[in-house]
Amino acid sequence: MKIMEVEGGRTLEGTIRVSGAKNATVALIPAAILTDEEATICNVPEITDTEALCDILRLLNVKVNRASESVVINPQDMVNLEITEEYSNKLRASYYFMGALLGKYKKAVMYFPGGCSIGARPIDLHLKGFEALGAKITTEKNKYIVEAKELHGANIYLDIASVGATINIMLAAVKAKGQTIIENAAKEPEIVNVATFLNNMGAKIVGAGTSTIKIEGVEKLHKCFHEVIPDRIETGTYIIIAALCGKNLRIDNMIPEHVDSLLSKLEEMGANMEVGADYVIISKKDTPYKSTDVKTAVYPGFPTDLQQPFTVLLTQAEGKSKITETIYENRFMHIPYLKKLGADIVLKNQTATLTGPSELKGCEVVATDLRAGAAMVVAGLFASGKTTITNVEHILRGYEQIIEKLTEVGAKISLKEI
Ligand code: EPZ
């Protein structure tokens, strides 16, 4: 098992460069099998989720040429095999192979795990979309068989603006016969990045980034080149670290508009911040932040993935602040560890109420999930003394070179195998 040790209370100066977006990458890699030729994707982050998906490509006999920040995918000799639990269990986003294999072969057979630690996370909307396109779905325990004689366009209304369902239906619809309309589609930037990738291959998708996406089915998809957008959640995590520990700390290669909701909250709280075209420079304050209330929402609202790291910043706001989670039913597993570090937090239903500022003292904590783990890193960098974080495999799934990036700007943080 890997653990992280953080010596907190240090001022961080210099530049952190944001990597490619995990939540775009994990959809782009499965989507690449839809081309009949070859797809080159650059700015691909080196995180364990990327490797897990490349392993699934290799299982399906897809040629994968992984360079440092890019991957070349050639599915010309691929075979449509069943994706076993050993492969699909490594990450939930393996479910994008359902849409991609259905879209390419009209058949997908894969094991898919149920929910995860932050919630039940059903895939009913994905399956509803596949059925609307003409697929028949049979399930045996965790095994899904999704099959269609023919895929035809359909009008699909999503009861929840689900990121995964929006993307998965897009993957299944790009080669269906006729027009598909997705209503109440999710509007996250990662969806636009995937739609652009598919259009670069010759798909006909309009409206990605709005709540209505139209897809005209095409026969063939050709060779293409594509770039992953910067990771807005990694961006936000480092912005929060800068607000707590930075001295002119520059977060580079990012898209300010993608973190608008966070930046406006920081303005409201009185952050020392300069926002450029593709960077933000932030210094910590020597007086407490103003308190504020936050509610997570679908894009462009405040992202649920930043709820946990942002809670750490709220521990340093004067008086009472509230943060409400509206997307997942169990995304507060970081709270007991923030309280152990010294935070004053009362959790009631889906709202955490914090009273600050509170002194945080390093101690032993656990990364219960990816973004809770990120919150532990944020807290450990700010707290006085040493913080030890266990279960850090969660963190390494979503933050490329996090140790190197933080060490580069003056953090004392290390990864140990125990
Ligand atoms: C994506 O998950 C992200 N993951 C999540 O990031 C992110 O938190 C989430 O979108 C919301 O922004 C990836 O992109 C790989 P949803 P996804 O479908 O697609 C319910 C991280 O930390 N729902 O938008 O699974 C679901 O239970 C991860 O990087 C259904 O009920 O999220 C949830 O309550 C965590 N039925 C809500 O919708 C469905 O068929 C939003 O889920 C699908 C979803």
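The preceding data block contains the structure.
The text that follows walks through the structure, step by step, so that each part is easy to find. (Residues numbered from 1 in each chain as written. Predicted model: local features only at pLDDT ≥ 70, side-chain atom pairs only at ≥ 80, totals over all residues. Heavy atoms only, no water.)

**Focus: the sheet that holds strand β3 (residues 39–42)**
Strand order across the open sheet formed by 4 strands is β4-β5-β3-β13, with mixed pairing between neighbours. Edge strands, defined here as strands with exactly one partner in the open sheet, are β4 (63–66) and β13 (224–227). Pairs of neighbouring strands in the sheet enclose a mean axial angle of 15°, with direction left out of account. When β3 meets β13, the two strands line up parallel, connected through 4 bridges. In the sheet register, Ile41 faces β13, and the bridge partner there is His226. (Pairing = 2+ DSSP bridges. Helix = DSSP H or I, 4+ residues; strand = E, 2+ residues; numbered from the N terminus. Axes fitted to C-alpha atoms, helices over the stretch in contact; angles between N-to-C directions.)

**Quick word on the packing of helix α6 (residues 163–173) against helix α7 (residues 189–200)**
Here α6 crosses α7 at 10°, and the two axes come no closer than 10 Å. Judged by the inter-axis angle, α6 sits roughly parallel to α7. The segment α6 lies against α7, with Val163, Thr166, Ile167, Met170 and Leu171 engaging Ile191, Val194, Ala195 and Leu198. For the contact of α6 with α7, a count of residues per class yields 8 nonpolar, 1 polar and no charged. (Parallel < 35°, antiparallel > 145°, perpendicular 65-115°, else oblique. Contact = heavy atoms within 4.5 Å. Nonpolar A, V, L, I, M, F, W, Y, C, P; charged D, E, K, R; others polar.)

**With respect to the side chain of Thr304**
Looking at where Thr304 falls in the secondary structure, it is placed in the loop between β18 (293–295) and α10 (307–314). When its relative accessible area of 10% is taken as the criterion, Thr304 is described as buried. Setting aside residues up to four positions removed in sequence, Thr304 forms contacts with Thr296, Glu325, Ile327, Tyr328 and Arg331. (Buried < 20%, exposed > 50% of the residue type's maximum accessible area, 1.4 Å probe, protein only.)

**Things to note about the pairing of strand β19 (residues 317–324)**
Pairing of strand β17 (residues 289–290) with β19, which is carried by 2 bridges, proceeds in the parallel orientation. Bridging from a neighbouring strand, Lys290 pairs with Glu318 of β19. Relative to β19, β18 runs parallel, the two sharing 3 bridges. Paired with Asp293 across the two strands is Lys322, which belongs to β19. With respect to chirality, the unit in which β18 leads through α10 into the neighbouring parallel β19 is right-handed. (Right-handed = clockwise from strand over helix to strand, strands pointing away.)

**Details of unusual backbone geometry**
Residue Tyr299 is joined to Pro300 through a cis peptide bond whose omega torsion reads 10°. The residue Pro300 is located in the loop between β18 and α10 in this model. Pro357 follows Gly356 through a cis peptide bond whose omega is -5°. Relative to the helices and strands, Pro357 resides in the loop between β21 (351–356) and β22 (364–366). For Lys106, which is not glycine, the phi dihedral falls at a positive 65°.

**Re the nonpolar core**
In terms of nonpolar packing, the biggest core is built from 80 residues, with Phe97 and Leu198 touching the most fellow members. Broken down by element, the residue count for this core peaks at 7 residues, all from α6. Excluding anything up to four places from it in sequence, Leu198 contacts Ala31, Leu34, Met170, Leu171, Val174, Ala203, Ile205 and Leu221. Counting 68 residues, the second-largest nonpolar core is a separate cluster that includes Leu314, Leu338, Leu381 and Leu406. (Core = buried A, V, L, I, M, F, W, Y, C linked by side-chain atoms within 4.5 Å.)

**Here's the deal with helix α4 (residues 96–105)**
Across the 10 residues of α4, 9 count as buried, placing the element largely inside the fold. Among the residues of α4, Tyr96, Phe97, Met98, Gly99, Ala100, Leu101, Leu102, Gly103 and Lys104 are the ones counted as buried. Just past α4, the residue Lys106 takes up positive phi, approximately 65°.

**Thoughts on helix α1 (residues 22–31)**
Of all 10 residues that make up α1, 9 are buried, and the element is covered over most of its length. Within the span of α1, buried status applies to Lys22, Ala24, Thr25, Val26, Ala27, Leu28, Ile29, Pro30 and Ala31.

**Examining the packing of helix α8 (residues 232–245) against helix α12 (residues 370–382)**
Packing of α8 against α12 brings their axes to within 9 Å, and their N-to-C directions diverge by 20°. In terms of their interaxial angle, α8 and α12 are classed as roughly parallel. The way α8 lies across α12 gives a crossing that is right-handed. Residue-level contacts link Ile233, Thr237, Ile240, Ile241, Leu244 and Cys245 of α8 to Arg371, Ala374, Val378, Leu381 and Phe382 of α12. Looking at the contact of α8 with α12 residue by residue, the classes come out as 9 nonpolar, 1 polar and 1 charged. (Left-handed = near helix turned anticlockwise from the far one by under 90°.)

**What about the environment of Ser70?**
Examined against the element boundaries, Ser70 turns out to sit in strand β5 (residues 70–74). Under the relative-accessibility criterion, Ser70 is labelled buried at 18%. Between the alpha carbons of Ser70 and Thr40 there is a distance of 7.2 Å; along the sequence they are 30 residues apart. Dropping the residues within four chain positions of it, Ser70 is found in contact with Ile41, Cys42, Val44 and Asn65.

**Brief notes about the environment of Ser211**
Along the chain, Ser211 turns up in the loop between β11 (204–206) and β12 (212–216). Judged by its relative accessible area of 31%, Ser211 falls in the partly exposed class. Spatially, the C-alpha atom of Ser211 lies 4.7 Å from that of Asn184, the residues being 27 residues apart in sequence. Apart from residues no more than four positions distant in its own chain, Ser211 is found in contact with Ile182, Glu183, Asn184, Ala185 and Lys187.

What is shown is where atoms sit, not what they do.
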